[in-house]
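A look at the structure
The primary structure of each chain is shown beneath.
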Amino acid sequence: MLPSNQTLSGALQQKGVNRRRFVKFCTAMVATLALPPRYVAQVAAALEKARKPVLVWLQFQDCAGNSESILRSSHPSVLEVVLDLLSWEYHELVMAGAGHQAEAALERVVREEKGKFIAVVEGAIPLADGGVYCTIGGRTAWDIARHVCGSAAATIAAGDCAWDGGLVRANPNPTGAVGIEEAVPGAKVINLGGCPQNPANTAAVLVHYLTFGELPAMDQFNRPLFAYGRIIHDQCERRANYDAGRFVQEWGDEGHRKGWCLYKMGCKGPQATFNCPSVRWNDGTSWPVKAGHGCLGCASHRFWDTRSPFYDRLPTVPGFGADVTAGEIGLGVTAAVAGATVIHGIASAVRDRMRPPASPEPPTKA
Ligand code: SF4
């Protein structure tokens, strides 16, 4: 059933989320958005008054990892509050309805909430042979995506497959898989790359949208700057070892046990952007490099093709082992796309806090 003039604060009270927990959530979201702390009150006030927006979550060529990522979060502030932020009307993995009943729920949203609901897309969309390689209820994913995302207020591409085709699009891409922007040109899309996307970033995008009425400032790939504006290498706790020339030479060696830099083991951190080192995973516990594995660059464009072989060291990193910032390295390899960044929304506040590199990521081959 469609809701809802119910406000978020009403929903939260009903759910037993107390004020303290709510403000804690707002504080975490403001930090994730890289906003100054003074925004906490504004975010809290906006969320309290906001009407719960309707959300539909579509799954196409995917592994359900992005659904798992957000649903498996045990962090109460993310799990409870984010689920309460929205009226989830359609999500194949978790909804009680099935078959015609489920498809009718999706149609009802498109019809009754046209231009107002939020769509989340997980998975790539195959275009080869008319899109026959992914069908749901007798319709192709391509047809469903055009119908639903074309009617949404905004579409969140959750994870790499929905952003750029991800693993499904890796060479030789037999199904002609693409991301949502290519499948539905003209749809208003924000891309949350990563394999999977980080639920804290998804929540922050929703909070920004509910607070300011627009999507956050984005880069040239339509990814939010707060999450993709900084090079991983510049945020890494192993960076001092890189600068000092202390490198892991093989898995399990003394350097590995001591937490030295993983550059020689194939870490792509010097050429990848993401807030993985600060937001982390498993409720902020850790991230791959902290756990002892190099960054694969999973939030980079077409990373299965452009960042592999994953265990080969980056071929040329100017200043390797010397005192040079990854920002300089990033600028060296990405000058061609400088200036392409799209700034809007609360960009000035983001800039205050983040000072992102002029061009956060190297251009990649089409
Ligand atoms: S190369 Fe990788 S492990 Fe080493 S400092 Fe950079 S991001 Fe960290």
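Details of the structure are given in the entry above.
Here's a quick rundown of the structure.

The rules behind each value
Residues numbered from 1 in each chain as written. Predicted model: local features only at pLDDT ≥ 70, side-chain atom pairs only at ≥ 80, totals over all residues. Heavy atoms only, no water. Helix = DSSP H or I, 4+ residues; strand = E, 2+ residues; numbered from the N terminus. Buried < 20%, exposed > 50% of the residue type's maximum accessible area, 1.4 Å probe, protein only. Contact = heavy atoms within 4.5 Å. Areas by Shrake-Rupley, 256 points an atom, 1.4 Å probe, with all protein chains shown as cover. Near = heavy atom within 4 Å. 1 Å grid on protein atoms, 1.4 Å probe; cavity = no way out; pocket = protein on both sides within 12 Å on 5 of 7 lines; lining within 4 Å. Sits in = over half its atoms within 2 Å of the grid points. Nonpolar A, V, L, I, M, F, W, Y, C, P; charged D, E, K, R; others polar. Points joined across faces, edges and corners; volume = space filled by probe spheres on them. Phe/Tyr/Trp six-rings, centres within 6.5 Å; stacked < 30°, edge-to-face > 60°. Lys NZ or Arg CZ within 6 Å of the ring centre and 35° of its normal. Pairing = 2+ DSSP bridges. Axes fitted to C-alpha atoms, helices over the stretch in contact; angles between N-to-C directions.

With respect to the overall build of the protein chain
Helices and strands together make up the secondary structure of the protein chain, namely 20 helices and 9 strands. For the protein chain, with 366 residues in total, the buried portion stands at 55%. Restricting the contact set of the protein chain to residue pairs at least 6 apart, pairs at least 24 apart contribute 76%. Roughly 15,500 Å² of accessible area belongs to the protein chain as shown, and the carbon and sulfur atoms make up 53% of that amount.

So, the site of the ligand
The immediate surroundings of the ligand are formed by His 233, Cys 236, Arg 238, Arg 239, Tyr 242, Cys 261, Leu 262, Tyr 263, Cys 267, Gly 269, Pro 270 and Val 289. Taking a 2 Å distance to the grid points as the criterion, the majority of the atoms of the ligand fall inside the largest cavity. Partitioning the shell around the ligand into residue classes produces 8 nonpolar, 2 polar and 2 charged.

Thoughts on empty space enclosed by the protein
Evaluation of the coordinates by the stated rule reveals 4 cavities of 30 Å³ or more. Size it by volume and the largest cavity reaches roughly 110 Å³. Lining the largest cavity are 14 residues; nearest its centre among them are His 233, Cys 236, Arg 238, Cys 261 and Cys 267. Elements with a minimum of two residues in the lining of the largest cavity: helix H13 (232–235) and helix H14 (239–244). In terms of residue class, the lining of the largest cavity is made up of 10 nonpolar, 2 polar and 2 charged.

Regarding the packing of aromatic side chains
If you walk through the whole model with that rule in mind, you get 11 aromatic pairs. Note on Trp 251 and Tyr 311: the rings are 6.1 Å apart at their centroids and 85° apart in plane angle, and the pair reads as edge-to-face. With Trp 251 in the loop between H14 and helix H15 (254–258) and Tyr 311 in the loop between helix H18 (303–306) and helix H19 (326–334), this pair connects stretches of sequence that are 60 residues apart. For the pair Trp 304 and Phe 310, a centre-to-centre distance of 5.6 Å together with 70° between the ring planes defines the contact as edge-to-face. Residue classification places Trp 304 among the partly exposed residues on the basis of a relative accessible area of 28%. Here the aromatic cluster, defined as three or more aromatic residues joined through ring pairs, consists of Tyr 242, Phe 247 and Tyr 263. In this structure, Arg 146 packs its charged tip against the face of Trp 142, placed 4.4 Å from the ring centre.

Description of the sheet that holds strand S2 (residues 87–91)
With parallel pairing, the 5 strands of this open sheet are ordered in space as S2-S1-S3-S7-S9. Pairing within the sheet leaves two strands with one partner each, and these edge strands are S2 and strand S9 (189–192). If you compare each strand with its neighbour and ignore which way they point, the axes differ by 20° on average. Against the sheet, helix H6 (residues 99–112) engages strand S1 (54–59) and S2, with an angle of about 130° to S2. Contacts from helix H11 (residues 199–212) reach strand S3 (118–122), strand S7 (154–158) and S9 within the one sheet, and its direction differs from that of S9 by about 155°.

A word on the pairing of S3
Extensive coverage of S3 is indicated by the burial of 5 of its 5 residues. Of the two faces of S3, the one lined by Ile 118, Val 120 and Glu 122 and the one lined by Ala 119 and Val 121 are each fully buried. Of the strand pairs in this sheet, S1 and S3 are connected by 5 bridges, and their pairing is parallel. By the bridge assignment for S3, Leu 55 is matched with Ile 118. With 4 bridges connecting them, S3 and S7 associate as parallel partners. Looking at the pairing, Val 120 lines up with Ile 156 of S7.

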